[in-house]
Amino acid sequence: MTITGSDTSPVVVITGASAGVGRAVVREYARRGARLALLARGRKGLDGARGEAEELGSPRVLAILADVASAEQVERAAEQIDEQLGPPDIWINNAMASVFSPVRQTKAEEFARVTAVTYLGTVHGTLAALRAMLPRDQGVIIQVGSALAYRGIPLQAAYCAAKHAVQGFTESLRAELLHDKAGVAVSMVHLPALNTPQFGWVRTRLPRHPQPVPPIFQPEVAARAIVWAGDHRPRELNVGAPTVLTRVANSLAPGLIDRYLGATGFDSQQRDDFVDLARWRDNLDEPQDEEVDAGAHGAFDVRAKPRSAQLWAATHKSAVAGAAAGALVLGAAARKLA
């Protein structure tokens, strides 16, 4: 899909747009001249995202304060988008919340909140997108998934369960759209560990500072994958070799992975430095970017990878196939000369 900066350019809706992956996606689409509708809870982060989008070339940017856990707020946002920008061409369900805590210490209301944001927020966004897209018989819905949609890990049961739910919901929806021969596509992009502000404001009961399980990638890697999915509409797109390896290993030896994560999953999600939990401020119920714009990156810039060779290969299959064919020809020629 070629996007030009005008009022005829596609309308792209991004939830969780104020920080992290959502913020990186905002920048990617703004550079391409898309009209953008940005949904998030934090005013400072949302204003920062809007300002960046305008500076980078988006002709029109609509920033909407909304909690995707509320179906009513998402529906009102969808009505505002339709009135001010037009019906969405691409809707990206990216908003999420998490709790770092053993299951036995996690409260029922925390499970409910993570589910409401991460899973039901995706459902609410999808329903709003379908109401706008199905009458026109066109559009793309992108669900931002995770390797954890297939493999649960310790200390993040609420988030893993919500991502599993998104995966099941998306498969059901995809089958229904195929049955109806609808022109609306739905893609799921599964992400690896990323350097986002999430790990500085996630609710935690861990003694040490939370971190993504290494290896860590920059959010721009995820953003490029999401934009590519909007262009090419794959059923699924795995981002990063760790995502692929996690899915393969879990399908082949899930019991072995249980034991491996039981032995390593606690330490791998914590830095060496301890935190004062009494002073820790999380964003589970209230945003932490009301006064400070966190941007796209977290605290792991030094360790985060800016590119993924696996993603390049997955999004350039013809080039990979051509190179493989060339290698076979050269190999055959070498054997004849030997």
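How each quantity is defined
Residues numbered from 1 in each chain as written. Predicted model: local features only at pLDDT ≥ 70, side-chain atom pairs only at ≥ 80, totals over all residues. Heavy atoms only, no water. Pairing = 2+ DSSP bridges. Helix = DSSP H or I, 4+ residues; strand = E, 2+ residues; numbered from the N terminus. Axes fitted to C-alpha atoms, helices over the stretch in contact; angles between N-to-C directions. Contact = heavy atoms within 4.5 Å. Core = buried A, V, L, I, M, F, W, Y, C linked by side-chain atoms within 4.5 Å. Buried < 20%, exposed > 50% of the residue type's maximum accessible area, 1.4 Å probe, protein only. Polar contact = N/O pair within 3.5 Å; in protein donor to acceptor, adjacent residues only side chain to side chain. Salt bridge = Lys/Arg side-chain N within 4 Å of Asp/Glu carboxyl O. Phe/Tyr/Trp six-rings, centres within 6.5 Å; stacked < 30°, edge-to-face > 60°.

A.B. asks: I'd like to hear about the sheet that holds strand β1 (residues 11–15), residue by residue, with values.
C.D. replies: On the basis of which strands lie adjacent, the open sheet formed by seven strands has the order β3-β2-β1-β4-β6-β7-β10 and parallel pairing. The open sheet has two edge strands with one neighbour each: β3 (61–65) and β10 (236–238). Ignoring which end each strand starts from, the neighbouring axes of this sheet average 15° apart. Relative to strand β4 (residues 90–93), β1 runs parallel, the two sharing three bridges. Residue pairing across strands places valine 13 opposite tryptophan 91, the latter belonging to β4. Sheet contacts for helix α2 (residues 43–56): β2 (35–40) and β3; angle to β3, the most-contacted strand, approximately 175°. Sheet strands in contact with helix α8 (residues 241–252) are β7 (184–191) and β10, and its direction is about 110° off that of β10.

A.B. asks: Quick rundown of the nonpolar core? Include the residues and the values.
C.D. replies: Within the largest apolar cluster, 39 residues are counted, with the highest numbers of intra-cluster contacts made by Ile14, Tyr29, Leu36, Leu38, Ile92 and Val189. Here this core takes seven residues from helix α7 (residues 219–232), the largest share from any one element. Discounting chain neighbours no more than four positions away, the residues touching isoleucine 14 are Gly22, Val25, Val26, Leu36, Ala37, Leu38, Leu39 and Ile92. Residues Ile81, Trp91, Ile141 and Leu177 belong to the second largest nonpolar core, which totals 30 residues.

A.B. asks: Break down the side chain of asparagine 195 for me, with residues and values.
C.D. replies: With respect to the helices and strands, asparagine 195 occurs in the loop between β7 and α6 (198–201). Among the polar contacts listed, one links the side chain of asparagine 195 to the backbone nitrogen of glycine 298, at a separation of 3.1 Å. Within polar-contact distance, the side chain of asparagine 195 engages the backbone nitrogen of phenylalanine 300 at 2.9 Å. Beyond its immediate chain neighbours, meaning those up to four positions away, asparagine 195 contacts Ile216, Phe217, Gln218, Pro219, Ala296, His297, Gly298, Ala299, Phe300, Asp301 and Ala304.

A.B. asks: I'd like a rundown of the environment of aspartate 258, residues and numbers included.
C.D. replies: Tracing the backbone shows aspartate 258 in helix α9 (residues 254–264). Judged by relative accessible area, which is 42%, aspartate 258 ranks as partly exposed. Sequence spacing of aspartate 258 and arginine 151 is 107 residues, and the spatial spacing of their C-alpha atoms is 9.4 Å.

A.B. asks: Outline the pattern of salt bridges, supporting the account with residue identities and numerical values.
C.D. replies: One pass over the full model with this rule turns up 21 salt bridges. Each of Arg23, Arg27, Glu52, Glu220 and Asp293 takes part in one network of salt bridges that share partners.

A.B. asks: I'd like a description of the packing of aromatic side chains, backed by residues and values.
C.D. replies: Scanning the entire structure with this criterion turns up three aromatic pairs. Geometrically, the ring pair formed by phenylalanine 100 and phenylalanine 199 is edge-to-face, given 6.0 Å between the ring centres and 80° between the ring planes. Residue phenylalanine 100 is found in strand β5 (residues 99–100), and its partner phenylalanine 199 is found in helix α6; the two are separated by 99 residues along the sequence. Note on phenylalanine 100: relative accessible area 0%, which makes it buried. Taken together, a centroid distance of 6.3 Å and an interplanar angle of 80° make the contact between tyrosine 119 and phenylalanine 169 edge-to-face. A residue pair is termed long-range when its members are at least 10 positions apart, and tyrosine 119 in helix α4 (residues 108–133) and phenylalanine 169 in helix α5 (residues 157–179) qualify at 50 residues. An aromatic cluster is built from Phe100, Phe199 and Phe300, whose rings are joined through pairwise contacts.

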